[in-house]
Amino acid sequence: MDLQKVVFFLTLYAVILLGLESSCGVRAGDIVHDDDSAPKKPGCENDFVLVKVQTWINGQENREFVGVGARFGTTIVSKEKNADYSRLTLSNPRDCCSPPKKKLSGDVIMVVRGNCKFTTKANVAQDAGASAVLIINTQKELYKMVCEPDETDLDIHIPAVMLPKDAGVSLEKMLLNNTSVSVQLYSPRRPVVDIAEVFLWLMAVCTILCASYWSAWSAREAAIEHEKQLKDASDELEDTERRSSGDVLEISVTLAVLFVVIASCFLILLYKLMSSWFIELLVVLFGIGGAEGLQTCLAALLSRVFKSAAQSFIKVPFLGVVSYLTLAITPFCIGFAAVWAVYRNLSFGWIGQDILGIALIITVLQIVRLPNLKVGTVLLSCAFLYDIFWVFLSKMFFHESVMIVVSYPLTFLSQSKLCYLCNAVGIPR
């Protein structure tokens, strides 16, 4: 049973880790604020905003990246329809600390960070005829570009945006492998009431309510069955109690701490092994857990309609004794998870992912039990310390925020989910 518990928590964390793409991914408009360490002054008074960089390859819409606007330069338009299409060009020299070898004629120039001031790069790009400058950071994180204390009366009339290192690598590959790469820069304002966030909140609340209702309903059914057994003085009472207790996983203090430890190990693995095969492994784990959760939920729902099939059992090799109902719906659940895995990167892939995730979370919440307030306090405290350490304190050991670095590559799928949802309800991007 101990090994099963460990495997259970590993699979559950894989689900939560994949869930980071909807909770930790940065989106344009998420941060618009001042910075006391970088006070405003003439020519350097923009708010720091996240900027969407939509790419187009040979006229076809492609990937979207997220950067942060500089304190200096012109403000970036808020609506995608007002954003101009501009050809993307690599700077030569790459650092753009000296004039490029050719005029740019309204191109967006991509430069690397270093060797001179941010404002120097922007001025050089502006003088060369660029319409905007994308500065690629040397790290995977976003960085606020500010003016130097001795810089006054800046006259920069093009927007400057910093992108993380990974985005720069991807953009450079696009430029080298294609004849024409264009970009749009825009920073949409967040509405007062974000329909997408309301939808996500309702989805989370409904998931918890469903799990709570199912748990209470199961407890009531078990109590009624137990009462019948007492009245009938059945010899099977002890076996029934043992089976019902085996369906519940009671979390101890040790398991609560172990969960956070396993979560941290997975996070480090993803940070160190940020590669396609590791992502595919997490997708497989999520698919297995989601299919199991979907099968459990459907079996519980359909058992009220197909009682005879739910109460008739058959012995299956490697699986043991299962009901005919479970045997009938299992292929559908496996097929659903497989279809999601194949088409998960499409704009509507989030629907299948949410269905699988909700089904698994409902199953987990129905099975897992916190026996007392002590265990709950330990679990929440460890989760709080987990977030604080990996978001903020990990910089002292890894020189960058591990949580932010891990979550950034998952940003693009999160953006497509929200854009698809906004378009579905008629909200412009």
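This is a predicted model, so every value here is computed, not measured. (Residues numbered from 1 in each chain as written. Predicted model: local features only at pLDDT ≥ 70, side-chain atom pairs only at ≥ 80, totals over all residues. Heavy atoms only, no water.)

Draft legend 1. Main features of helix α4 (residues 165-177). Compared with an ideal rise of 1.5 Å per residue, which puts 13 residues at 18 Å, α4 spans 19 Å between its outermost C-alpha atoms and is within 8% of the ideal. Within α4, the full set of buried residues consists of A167, G168, S170, L171, M174 and L175. Down the axis of α4, the buried side of the element spans an arc of 165°, and every buried residue falls inside it. Seen from the open side of α4, the exposed residues pointing more than 90 degrees away from its buried face are K173, L176 and N177. (Helix = DSSP H or I, 4+ residues; strand = E, 2+ residues; numbered from the N terminus. Expected span 1.5 Å × (residues − 1). Buried < 20%, exposed > 50% of the residue type's maximum accessible area, 1.4 Å probe, protein only. Arc of directions from axis to C-beta.)

Draft legend 2. Representation of a nonpolar patch on the surface within the structure. Together, V339, V342, Y343, L346, F348, I351 and I355 give the surface a local cluster of nonpolar side chains, amounting to about 630 Å² of exposed area. At the level of elements, α10 (324-343) and α11 (349-367) are the ones that each hand at least two residues to the nonpolar patch. In terms of residue count, the dominant contributor to the nonpolar patch is α10 (3 residues). Position of I355 relative to the elements: it lies in helix α11. (Patch = residues over 30% accessible without salt bridge, like charges linked within 9 Å, V, L, I, M, F, W, Y side chains within 5 Å. Areas by Shrake-Rupley, 256 points an atom, 1.4 Å probe, with all protein chains shown as cover. Salt bridge = Lys/Arg side-chain N within 4 Å of Asp/Glu carboxyl O.)

Draft legend 3. Highlighting unusual backbone geometry. Cis peptide bonds are those with omega within 30 degrees of zero, and the linkage from N92 to P93 qualifies with 10°. Looking at the secondary structure, you find P93 in the loop between β4 (86-90) and β5 (108-112). Here N58, not a glycine, exhibits a phi torsion of approximately 50°, which is positive. Looking at the secondary structure, you find N58 in the loop between β2 (48-57) and β3 (60-69). Non-glycine residue C96 carries a positive phi angle of around 55°. Note on placement: C96 falls in the loop between β4 and β5.

Draft legend 4. View of the state of the cysteines. With the rule as written, the count across this model stands at 1 disulfide. You can see C297 has no disulfide; the closest cysteine sulfur is in C210, sitting 8.8 Å from it. (Disulfide = S-S within 2.5 Å.)

Draft legend 5. View of the packing of aromatic side chains. In total, this model carries 8 aromatic pairs according to the counting rule given. Here F286 and W340 contribute two aromatic rings whose centre-to-centre distance is 5.0 Å and whose plane-to-plane angle is 55°, an arrangement assigned as tilted. In this pair, F286 is assigned in helix α8 (residues 276-302) and W340 in helix α10, connecting sequence segments 54 residues apart. W340 matches F286 in its accessibility class, with the two residues each being buried. Judged by centre distance (6.2 Å) and plane angle (45°), the rings of F332 and F336 are tilted. With F332 and F336 both in helix α10 and 4 residues apart, the pair spans about one turn of that helix. Among the aromatic residues, ring-to-ring pairing joins Y271, F389, W390, F397 and F398 into one connected group. (Phe/Tyr/Trp six-rings, centres within 6.5 Å; stacked < 30°, edge-to-face > 60°.)

Draft legend 6. Representation of the confidence of the model for the protein in the model. Per-residue confidence for the protein averages 77 on the pLDDT scale, and 80% of its residues sit at or above 70. For residues 20-34, every residue scores under 50 in pLDDT, and the model assigns this stretch 46 contacts once sequence neighbours within four places are set aside. Every residue in residues 410-429 is under pLDDT 50, and counting partners more than four places away or in other chains gives 43 contacts. (pLDDT = per-residue confidence, 0-100. Contact = heavy atoms within 4.5 Å.)

Draft legend 7. Region of the structure containing the pairing of β2. With 10 of 10 residues buried, β2 lies mostly within the body of the structure. The side-chain alternation of β2 yields two buried faces, one formed by F48, L50, K52, Q54 and W56 and the other by V49, V51, V53, T55 and I57. Both β2 and β3 contribute to a ladder of 7 bridges, which runs antiparallel. Directly across from V51, in β3, lies its bridge partner G67. Hairpin connection, β2 to β3: the antiparallel pair is bridged by 2 residues, and N58 has positive phi, about 50°. Note that β2 and strand β8 (residues 181-186) share 6 bridges and pair antiparallel. Residue W56 lies in a different strand from β8, and its bridge partner there is S182. (Pairing = 2+ DSSP bridges.)

Draft legend 8. Fine view of the pairing of β8. Among the 6 residues that make up β8, 6 are buried, leaving the element largely enclosed by the rest of the structure. Burial along β8 is two-sided: V181, V183 and L185 and S182, Q184 and Y186, pointing in opposite directions, are all buried. Pairing between β4 and β8: 2 bridges, direction antiparallel. Within β8, the residue paired with S86 across the bridge is V183.

Draft legend 9. Spotlight on the packing of α8 against α11. Close contact between α8 and α11 brings their axes to 7 Å; oriented N to C, the two are set at 65°. Taken together, the axes of α8 and α11 are roughly perpendicular relative to one another. Note that α8 runs across α11; the crossing there is left-handed. Contacts between α8 and α11 involve F286, G289, G290, A291, G293, L294, T296 and C297 from the former and Q353, I355, L356, G357, A359, L360, I362 and T363 from the latter. Residue classes in the contact of α8 with α11 are distributed as 9 nonpolar, 7 polar and no charged. (Axes fitted to C-alpha atoms, helices over the stretch in contact; angles between N-to-C directions. Parallel < 35°, antiparallel > 145°, perpendicular 65-115°, else oblique. Left-handed = near helix turned anticlockwise from the far one by under 90°. Nonpolar A, V, L, I, M, F, W, Y, C, P; charged D, E, K, R; others polar.)

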